[in-house]
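Overview (structure and organization)
So you can see what is in the structure, the chains are spelled out below.
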Amino acid sequence: MWTSDRFIRLAGIELPIIQAPMAGSALSDMVVAVSEAGGLGSLACALLSVEQARRELETIRRRTSRPINANFFCHQPPRDDRARQMEWRRRLNAYYVQLQIDDNTSVPTSARTPFDDKMCDLVAEFHPEIVSFHFGLPDENLLLRVRSTGAKILSSATSVIEARWLEDHGCDAIIAQGLEAGGHRGMFLTEDVSTQVGTMALVPQVVDAVKVPVIAAGGIADARGILAAFALGAAAVQIGTAYLHCPEAQISPLYRQALKGTRDNDTTITNVFTGRPARAIVNRIMREVGPMSDIAPKFPLAAATLAPLRAKSEMAGSADFTPLWSGQSARLSRELPAAELTRRLATKALEKLTLLQTLA
Ligand SMILES: Cc1cc2nc3c(=O)[nH]c(=O)nc-3n(C[C@H](O)[C@H](O)[C@H](O)COP(=O)(O)O)c2cc1C
């Protein structure tokens, strides 16, 4: 038996495993596979247009009647700081020259738009059982609209203060995101990366500080990690990087290859790709311009200037300018279909838990 069934009951699922929403890396195939296996599949909508998100949700609802999670970013859009954008462009100029990219190449604007009325209409139409946010919560009116659909609301906290804030603002469960996690830090009450907390220290302190169920995230990639999370008081785990190895992950061969060779100390926190701190496999741009840069424009504006560099170098088979988001536990994972991975993680964790309960 799991030591807590609070999240399973809240979400109406069988297994306390959430496949982390992963913008740009997982779509309906992954969500359906995980939810059908008894976990909670998550559709990240941050990089999708409303029409793309609608298509994915239609597909998901057609293929499974199990609970699902729709996930959104909810950052404050930055003001357009031309001077900073130009300084960033100048910083990257040597790469533009080296890759022979025409200065007049149109620079695409970054697609990462925060949760808004149009996305909220989709939530009202497809009523995902869970709606989760990254970077805090949207404004009160939007949150009320989400709540009125009957969805349970989740968001990520990277500190006890953020966890309490989320509980005070009505979250039904809180994801405690440790420093080991791949992708963007969910931090929203601080910009200081140096004081971010690891999963082992964060989860029990958040468990002690809030009344709602806590979901552990960051560096969990096998049954041992799940067991540890439950021992720390978590009621579920949210796993990202391990699912990137699944055939359902929509990632390039370059990215997949990089993940396969990633060791424990091959990742770090960087802001060069989007302007916000996120964990990725160290590559050329991170080494030479970051990993943290004072001149990177505010999230998500930094991404647009990098886009032509990324496109050109990827065409030549290089991931020098590609964000290879990954947590610290990439090497613990194996390539398995998402449904099998979900069931295997749960079965093995339960076996270990039962053994420990018997011994105790
Ligand atoms: C490729 C990738 C993309 C991510 N995108 C999102 C996202 O769109 N929304 C979100 O809430 N979290 C996102 N995350 C963070 C995850 O929700 C989660 O915190 C993290 O994956 C947990 O750590 P792990 O990767 O070590 O399992 C992303 C993580 C990865 C690896």
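Residues numbered from 1 in each chain as written. Predicted model: local features only at pLDDT ≥ 70, side-chain atom pairs only at ≥ 80, totals over all residues. Heavy atoms only, no water.

1. Side note on unusual backbone geometry
- With an omega of 10°, the peptide bond running from G290 to P291 counts as cis.
- You can see P291 is positioned in the loop between α13 (284-289) and α14 (302-315).
- Cis geometry is adopted by the peptide bond preceding P300, which originates at F299 and carries an omega value of 0°.
- Relative to the helices and strands, P300 resides in the loop between α13 and α14. (Helix = DSSP H or I, 4+ residues; strand = E, 2+ residues; numbered from the N terminus.)

2. Comments concerning the pattern of salt bridges
- Under the defined criterion, the tally for this structure stands at 17 salt bridges.
- The closest approach of N and O atoms between R66 and E14, which form a salt bridge, is 3.2 Å. Of this pair, R66 sits in the loop between α3 (50-63) and β3 (68-73) while E14 sits in the loop between α1 (6-11) and β1 (17-19), and the two are 52 residues apart along the sequence.
- A salt bridge links K260 to E335, with the nearest nitrogen and oxygen atoms 3.6 Å apart. On the criterion of sequence distance, the pair formed by K260 in helix α12 (residues 253-260) and E335 in the loop between α14 and α15 (338-359) is long-range, its members being 75 residues apart.
- What you see here is one network of salt bridges that share partners, running through E51, R54 and E125. (Salt bridge = Lys/Arg side-chain N within 4 Å of Asp/Glu carboxyl O.)

3. Describing the packing of aromatic side chains
- One pass over the structure, following the stated rule, counts 10 aromatic pairs.
- On the numbers, 4.6 Å between centres and 50° between planes, the contact of F72 with F115 is tilted. Here F72 is found in strand β3, whereas its partner F115 is found in the loop between α5 (93-98) and α6 (117-126), with 43 residues between them in sequence.
- F72 sits in the buried class, given a relative accessible area of 4%.
- Overall, the relative accessible area of 7% leaves F115 in the buried class.
- Across from the ring centre of F135, 3.9 Å away, lies the NZ or CZ of R276, which sits over that ring. (Phe/Tyr/Trp six-rings, centres within 6.5 Å; stacked < 30°, edge-to-face > 60°. Buried < 20%, exposed > 50% of the residue type's maximum accessible area, 1.4 Å probe, protein only. Lys NZ or Arg CZ within 6 Å of the ring centre and 35° of its normal.)

4. Focus on the side chain of T64
- On the secondary structure map, T64 appears in the loop between α3 and β3.
- Engagement of the side chain of T64 in a polar contact is seen with the backbone nitrogen of R66, the distance being 3.0 Å.
- Residues in contact with T64, not counting those within four places in the same chain, are V32 and E36. (Polar contact = N/O pair within 3.5 Å; in protein donor to acceptor, adjacent residues only side chain to side chain. Contact = heavy atoms within 4.5 Å.)

5. Remarks on the sheet that holds strand β11 (residues 278-281)
- Across the sheet, three strands lie side by side as β7-β11-β10; this open sheet has antiparallel pairing. Sheet topology places β7 (183-184) and β10 (267-270) at the edges, where each strand pairs with a single neighbour.
- Pairing analysis gives four bridges linking β10 to β11, with the strands arranged antiparallel. Counted as the bridge partner of T267 is I281 from β11. (Pairing = 2+ DSSP bridges.)

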